2 protein chains.
Amino acid sequence: MNRQELKHVLGRVARAFPRARRWPLSTWGLTRDETGELKRGGVALGELLERYRSPLYVVDQARLDGNAARFLATPLGCARGAEPYYSYKTNPVPRVLQRLHQQGVGAEVASPYELWLALELGVPPAAIVFDAPAKTPDAVALAIDRGIGLINLNGRPEIALVAELARARHKRPRVGLRVVVPGGRAGQFGERIETGAALEAFREAQARPELDVVGLHSHVNGEIASTAALEALVNPMLTFTEQLRRELGLELEVLDFGGNLACPTVSRLPERARRLAVTFGREPDPRPPESVLSIEDYLAQLIGQVERHASAHGVARPRIFLEPGRAMTGDTMMLLTRVLSVRGRDEAGATWAILDAGINVAEPVPHEYHHLLAVAPRSAETQRYRLTGPSCTMGDLLYPAWELPELAAGDALAIMDTGAYFVPLSTCFSFARPAIVSVHDGQVEELRRAETFEDLVARDGVRDVRRPRPLGVPAGSRADLRH
Amino acid sequence: MNRQELKHVLGRVARAFPRARRWPLSTWGLTRDETGELKRGGVALGELLERYRSPLYVVDQARLDGNAARFLATPLGCARGAEPYYSYKTNPVPRVLQRLHQQGVGAEVASPYELWLALELGVPPAAIVFDAPAKTPDAVALAIDRGIGLINLNGRPEIALVAELARARHKRPRVGLRVVVPGGRAGQFGERIETGAALEAFREAQARPELDVVGLHSHVNGEIASTAALEALVNPMLTFTEQLRRELGLELEVLDFGGNLACPTVSRLPERARRLAVTFGREPDPRPPESVLSIEDYLAQLIGQVERHASAHGVARPRIFLEPGRAMTGDTMMLLTRVLSVRGRDEAGATWAILDAGINVAEPVPHEYHHLLAVAPRSAETQRYRLTGPSCTMGDLLYPAWELPELAAGDALAIMDTGAYFVPLSTCFSFARPAIVSVHDGQVEELRRAETFEDLVARDGVRDVRRPRPLGVPAGSRADLRH
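Throughout this document, residue positions are counted from 1 along each chain, in the order its sequence is written. Following the order in which they are written, the chains are lettered starting with A and the ligands numbered starting with 1. Reporting of local features is limited, given that this is a predicted model, to residues whose pLDDT is at least 70; pairs of side-chain atoms are given and counted only at 80 or more, and all residues count toward the totals for whole chains, interfaces and linings. By convention in this description, side-chain values take in all heavy atoms of the structure and omit both hydrogens and water.

### Observations regarding the overall build of chain A
Phase 1: Secondary structure counts use DSSP, requiring at least four H or I residues in a row for a helix and at least two E residues in a row for a strand, with both numbered from the N terminus. The helix and strand tally for chain A stands at 14 helices and 23 strands.
Phase 2: When we talk radius of gyration, it's over C-alpha atoms, and the globule rule is simply 2.2 Å times the number of residues to the 0.38. For 483 residues, the compact-globule formula gives about 23 Å, and the C-alpha radius of gyration of chain A, at 26 Å, lands near that figure.
Phase 3: Dimensions of chain A, computed from C-alpha atoms along their principal axes, come out at roughly 75 × 65 × 50 Å.
Phase 4: Every one of the 483 residues in chain A was classed for burial, and the buried ones make up 61%.
Phase 5: Shrake-Rupley sampling with a 1.4 Å probe provides the accessible areas, and residues are treated as covered by the protein chains on show and by no other component. For chain A, the accessible surface area stands at approximately 18,300 Å², while carbon and sulfur atoms represent 51% of it.
Phase 6: Only four residue types enter the tally: Lys and Arg on the positive side, Asp and Glu on the negative side, with His and both chain ends excluded. Every charge is mapped onto a representative atom, which is NZ of Lys, CZ of Arg, CG of Asp or CD of Glu. In chain A, which carries 59 positive and 59 negative side-chain charges, the distance between the mean positions of the two groups comes to 3 Å. Buried residues are those whose accessible area, probed at 1.4 Å on protein chains only, stays under 20% of the maximum for their type, while exposed residues exceed 50% and partly exposed ones sit between those limits.

Printed below as a string of structure tokens:
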């Protein structure tokens, strides 16, 4: 058996595994009308593309409102709920942010721009949490002047910075300190509990009369998809609050458990899955959504544990801050795209299709599971496609292996769960960025207009670009270009 | 020996290998003034940052002009030179593109936006080559109407598309066909020579009277850094021209050898180098620039071979098109950045420093070698740093291990060779995008102004953002946010 034959046999074996189980359309708030065309929020997706052009990001407003309400609910048996502050960096679309704020969600900002944006959007300063690995003096000064709810210091280097700016302004900002729980990766973030550095940082902050030390803040590494992952964060944080009380007499008002709750229908693709898809055409298996900790179970476990801990130690129940990102918006947006061109089958039996959306607007797709659906399938039978974006690089391979009904140029596809890290990681690589619309009850609203070619050169000495100085040569052969 | 001790010993061994050899500053057109501060184009880099704020992209105009002149030169012993068409997608900054065009370089465009931009910039249509894996009818119609120099069809699906649009407009566009040389990866590009598909595509195109079939086009996979890599492209292309002449009587006017010539001071970091840097703090070894095929040797070998082949077969010497990207501009730009914050040493003995430039403006740095220099070193001694960007994610790790003089907040660093795929792959992830200036003979010119916060929301229903509808609640506790 030669190499080619071996690959062929291995490919058949790899693809013989059970195909990825398809979840019901209701998983994504989708329906199909009598012609088989997909609808969301009562709007036919094909019509949306006709009206707003392709590609197009589409926000499901009911899903957005629903996720906000779920995060704001008080679990059964708990005294109060948590206080969610949406992680702006995850999907900083002003109209999406405003909608969340109108539901009662606060803002978690991680840069001077995001702080500015939250204030511009009219978010009450008390409903803003300011995180960032290295805060600039200007941004800290603004945060102090406006009296934002909580400034989470990333560690000891920030204590003096914030204290001195506060003293100069005769203010006493509310601060928390970011810590790393035992066994956690620190990277550029926080002070370690296990080395004693976290305790020392609290001692140092407490000694600065300009600082109102109210909070303890931590994130896990990676994502929280299970009870065990949540416990690995909550247990050591609660234990550390006892140490703070015992050794520093510090009773914290706020416990900020950060973000990282998983989006149930999105999961990181293991490197092996990607290789199997590229080499053998095997469609990746998604993680079953029901195996992922839901917003409700996450809140019930987390709040319940904090409340039991407080009552066991006879202390006031702290406020619980959360900074959800992908769990809040990941499944509230999708990306519609059209097939530009279909190429014949390659030697591996896959048909190549080139879409008008690629890594420029769907950066996470090559390394995360994002379900893909035909908007108006031509048939019930499927075949195996390799789907690339429109840019002139082999790296623009979105789906190395995906079963779809037969495709032709112009057909529309829906890439699901694009509400986390698609818009902020989008680029202008060869193409302008798409519009964003929302759908709700059969209504469509434009949240962000599509970028124009003129927008792409608006910062470039416009006079030169729009009225080009003639190069002094008539159109002609290349040699004419030289001066 | 426990795990921690083992890691410590292995780390010492890994770092004991010879340190990356430091090339002379002239490699990058840099000098240091009497105080030790870096200058480029006669301009002190610290002053540049003062004036234009950090981070900042800086174009070296002399280097840009020089690279253009090198690509336009006729090698000794050759009858004529090649015709370079700059790959717009690599660094689509209008003023950079205009400068190249003024030197006599044409435009290689790979999307409707890039085609529009070249025409807006006043590039004569004959000096434009249009590539793209899937061209839209609108863009093809524009290309035909304006009579651009060469439309490279990506394969059979595009033949009918272009022919039909040409017939409707009574024009006869000049087209080439993209092929894949034997053994090459095709991906979404081209037709294979070895399967006969490329020949069939030429036959089909030649049968369409609406098409003026003038060109043969191919790219290699990966980069061309050696004589052998270039031969692997040129030999099979020349052999295929004989087949086209023999079987179709087709004498091609243009051979388009695409791009992919390496930038000598940039190289892809092997996964192993990245792991050694992350785990053991070993600074990656760069590829020696002198081992990389120079522009001059590339041209001499390529043009010489084509001319010898033509003369041996008694045919006219074809025009030679090139589509350089990184070899033209990779080393013509750098990125200046400042240290925002320095954190104490971690357990592995590395000091963490957080910069104001991260993967948002330096996407290639984690996986490519880009030299890094202190603009005004505080000492001759160095220590080991881990350098991250400013965004709130552990993934923003630019340099896991790099020896630098002692750093303090405010210090400036220069990331070298950012003229390929930095600007087009930049994002608005938590931060606005920087300005671009050029330096030349002590003069500074702003090519692109920095993005403002207002720019970032300019497409978002501005009235709502700039004059926020009050949420109807006074600033106060989070509960006030609920309506």
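There's plenty left to go through after this.
### Regarding unusual backbone geometry
Residues and elements named next belong to chain A.
Phase 1: Following Ser54, the chain continues into Pro55 via a peptide bond in cis, with omega recorded as -5 degrees.
Phase 2: Looking at where Pro55 falls in the secondary structure, it is placed in the loop between helix H2 (45-52) and strand E4 (56-60).
Phase 3: One non-glycine residue, Asp441, adopts positive backbone phi at about 50 degrees.
Phase 4: By the secondary structure assignment, Asp441 is in the loop between strand E22 (435-440) and strand E23 (443-448).

### Some details on the interface of chain B and chain A
Phase 1: Contact residues are listed per partner, giving 97 residues for chain B and 96 residues for chain A.
Phase 2: Carbon and sulfur atoms make up 59% of the area that chain B and chain A hide from each other, which totals about 8,600 Å².
Phase 3: A carboxyl oxygen of Asp or Glu within 4 Å of a side-chain nitrogen of Lys or Arg is what we treat as a salt bridge. Our enumeration of links across chain B and chain A arrives at 2 salt bridges.
Phase 4: With a shortest N-O distance of 2.8 Å, Asp460 of chain B and Arg448 of chain A are connected by a salt bridge.
Phase 5: Definition of a polar contact: a pair of N or O atoms within 3.5 Å, with one able to donate and the other able to accept a hydrogen when the atoms are protein atoms, and with sequence-neighbouring residues admitted only if both atoms are side-chain atoms. The interface formed by chain B and chain A contains 18 residue pairs in polar contact (both at pLDDT 80 or more). Contacts are residue-level and defined by heavy atoms, with any inter-residue pair within 4.5 Å sufficient. Put simply, buried area is the surface a 1.4 Å probe can reach on two separate parts but cannot reach once they are joined, added for both.

### Things to note about the relation of the copies chain B and chain A
One copy of the chain maps onto the second through a rotation about an axis and a displacement along it.
Phase 1: The transform that puts chain B on chain A rotates by 180 degrees and translates by 0.0 Å along the axis, for an RMSD of 0.0 Å. Both copies of the chain, as the preceding transformation shows, are related through a two-fold rotation axis. Ranked by how close their C-alpha atoms come to the rotation axis, the residues of chain B are headed by Thr427 of chain B, at 2.7 Å.
Phase 2: A share of 99% of the interface residues of chain B reappears at the interface of chain A, consistent with the copies meeting face to face through the same patch. Fitting of the copies onto one another was done by least squares over C-alpha atoms, counting residues only where both copies have pLDDT of at least 70.

### Quick word on the pattern of salt bridges
Residues and elements named next belong to chain A.
Phase 1: Enumeration over the complete set of coordinates arrives at 53 salt bridges over all chains.
Phase 2: Between Glu50 and Arg338 there is a salt bridge, with its nearest N and O atoms 3.2 Å apart. Taken together, the residues span a long stretch of sequence, with Glu50 in helix H2 and Arg338 in strand E15 (residues 333-345) at a distance of 288 residues.
Phase 3: Given a relative accessible area of 60%, Glu50 falls into the exposed group.
Phase 4: A relative accessible area of 21% places Arg338 in the partly exposed class.
Phase 5: Close ionic contact of Glu307 with Arg317 constitutes a salt bridge, the shortest N to O distance being 2.9 Å. Here Glu307 is found in helix H11 (residues 295-312), whereas its partner Arg317 is found in the loop between H11 and strand E14 (319-322), with 10 residues between them in sequence.
Phase 6: We classify Arg317 as buried; its relative accessible area is 16%.

### Some remarks on the side chain of His370 of chain B
Residue and element names in this part refer to chain B.
Phase 1: Inspection of the secondary structure puts His370 in the loop between strand E17 (368-369) and strand E18 (372-374).
Phase 2: Among the polar contacts made by the side chain of His370, one reaches the main-chain carbonyl oxygen of Met416 at a distance of 2.9 Å.
Phase 3: Here the side chain of His370 touches Asp417 through a polar contact of 3.0 Å, landing on its backbone oxygen.
Phase 4: The contact partners of His370, leaving out residues within four places of it in the chain, are Val266, Pro364, Val365, Tyr399, Trp402, Ile415, Met416, Asp417 and Phe422.

### What about the side chain of Ser218 of chain A?
Phase 1: Of note, Ser218 of chain A is situated in the loop between strand E11 (212-217) and helix H9 (227-248).
Phase 2: Not counting chain neighbours up to four residues away, the residues in contact with Ser218 of chain A comprise Val179, Val180, Val181, Leu233, Met237, Asp256, Phe257 and Gly258 of chain A.

### Section: the sheet that holds strand E1 (residues 30-32) of chain A
Residue and element names in this part refer to chain A.
Phase 1: Read from one edge to the other, the open sheet built from 3 strands follows the order E1-E2-E3, with strand pairing classed as antiparallel. At either end of the open sheet lies a strand with only one pairing partner, and these are E1 and strand E3 (43-44).
Phase 2: Pairing between two strands is assigned when DSSP locates at least 2 bridges connecting them. In terms of strand pairing, strand E2 (residues 38-40) meets E3 through 2 bridges, oriented antiparallel. What sits directly across from Arg40, in E3, is Val43.

### With respect to the sheet that holds strand E3 (residues 43-44) of chain B
Phase 1: Read across the sheet, 3 strands follow the order E1-E2-E3 (chain B) without closing on themselves; strand pairing throughout is antiparallel. Every interior strand has two partners, whereas the edge strands, strand E1 (30-32) and E3 of chain B, have only one.

### Some remarks on the confidence of the model for chain A
Residue and element names in this part refer to chain A.
Phase 1: Mean pLDDT over chain A stands at 92; residues scoring 70 or higher make up 91%.
Phase 2: Note that pLDDT drops below 50 for residues 464-483; the model gives that stretch 48 contacts with residues more than four away or on any other chain.
Phase 3: Taken together, the chains of this predicted complex give a pTM of 0.93 and an interface ipTM of 0.92. A residue's pLDDT is the confidence the predictor assigns to it, expressed on a 0 to 100 scale.

### With respect to the packing of aromatic side chains
Residue and element names in this part refer to chain A.
Phase 1: For Phe, Tyr and Trp, where Trp contributes only its six-membered ring, two rings pair if their centres lie within 6.5 Å, and the inter-plane angle classes them as stacked under 30 degrees, edge-to-face over 60, or tilted in between. Tallying each qualifying case throughout the model produces 20 aromatic pairs over all chains.
Phase 2: Within the aromatic cluster, the residues linked to one another by ring pairs are Trp23, Trp28, Tyr369, Tyr399 and Trp402.
Phase 3: Positioned over the ring face of Phe130 is Lys135, at 5.8 Å from the centre of the ring. Two conditions define a charge sitting above a ring: the NZ of Lys or the CZ of Arg must be within 6 Å of the ring centre, and it must be within 35 degrees of the ring normal.

### So, the environment of Leu407 of chain B
Phase 1: For Leu407 of chain B, the position within the fold is in the loop between strand E20 (397-404) and strand E21 (412-415).
Phase 2: The sequence separation of Leu407 of chain B and Leu447 of chain B amounts to 40 residues, and the corresponding C-alpha distance is 30 Å.

### A word on helix H5 (residues 112-120) of chain A
For the α-helix, the turn length of 3.6 residues means that residues three or four positions removed from each other point alike.
Phase 1: Among the 9 residues of H5 of chain A, 7 are classified as buried, and the element is accordingly described as predominantly covered.
Phase 2: Buried within H5 of chain A are the following residues: Tyr113, Glu114, Leu115, Trp116, Leu117, Ala118 and Leu119 of chain A.
Phase 3: Residues of H5 of chain A that are buried sit in contact with helix H4 (94-103), strand E6 (106-109), strand E7 (128-130) and helix H6 (137-146) of chain A together with helix H13 (453-456) of chain B.
Phase 4: Immediately downstream of H5 of chain A, the backbone of Gly122 of chain A shows phi near 85 degrees, a positive value.

### Thoughts on helix H3 (residues 61-72) of chain B
All names here are of chain B.
Phase 1: Here H3 is 12 residues long and its end C-alpha atoms lie 17 Å apart, about the 16 Å a rise of 1.5 Å per residue gives.
Phase 2: Residues of H3 that are buried include every one of Gln61, Arg63, Leu64, Asp65, Asn67, Ala68, Phe71 and Leu72, and no others.
Phase 3: You can read the cap of H3 off the contacts: a side-chain oxygen lies 3.2 Å from the backbone nitrogen of Ala62, and it is on Asp60. Expected helix span is given by 1.5 Å per residue-to-residue step, counting one fewer step than there are residues.

### Overview of the pairing of E21 of chain B
Taken residue by residue, a regular strand's side chains alternate between the two faces of the sheet.
Residue and element names in this part refer to chain B.
Phase 1: Neither face of E21 is exposed, since Ala412 and Ala414 on one face and Leu413 and Ile415 on the opposite face are all buried.
Phase 2: Looking at chain direction, strand E15 (residues 333-345) and E21 are connected through 4 bridges and run antiparallel. Paired with Arg338 across the strands is Ala412, a residue of E21.
Phase 3: As defined by bridge partners, E18 adjoins E21 across 3 bridges and the pair is classed as antiparallel. Considered in E21, the bridge of Leu373 is made with Ala414.

### So, the pairing of strand E22 (residues 435-440) of chain B
Residues and elements named next belong to chain B.
Phase 1: Burial of E22 is extensive: 5 of the 6 residues sit out of reach of the surface.
Phase 2: Note that strand E4 (residues 56-60) and E22 share 5 bridges and pair parallel. By the bridge assignment, Tyr57 is partnered in E22 with Ile436.
Phase 3: With 5 bridges joining them, E22 and strand E23 (residues 443-448) adopt antiparallel strand pairing. From the neighbouring strand, His440 faces E23, where its bridge partner is Gln443.
Phase 4: The loop that links E22 with its antiparallel partner E23 comprises 2 residues; one of these, Asp441, has a positive phi angle of about 50 degrees.

### So, the environment of Arg287 of chain B
Residue and element names in this part refer to chain B.
Phase 1: When you line up the elements, Arg287 lands in the loop between helix H10 (271-280) and helix H11 (295-312).
Phase 2: Along the chain, Arg287 and Ser267 lie 20 residues apart, while their C-alpha atoms are 6.5 Å from each other.
Phase 3: Residues within four places of Arg287 in sequence aside, it is in contact with Trp23, Glu223, Ala225, Ala262, Cys263, Pro264, Val266, Ser267 and Val292.
Phase 4: A polar contact is formed between the side chain of Arg287 and the side chain of Glu223, at a distance of 2.6 Å.
Phase 5: Within the local environment of Arg287, its side chain forms a polar contact with the backbone oxygen of Val266, the two atoms lying 2.9 Å apart.

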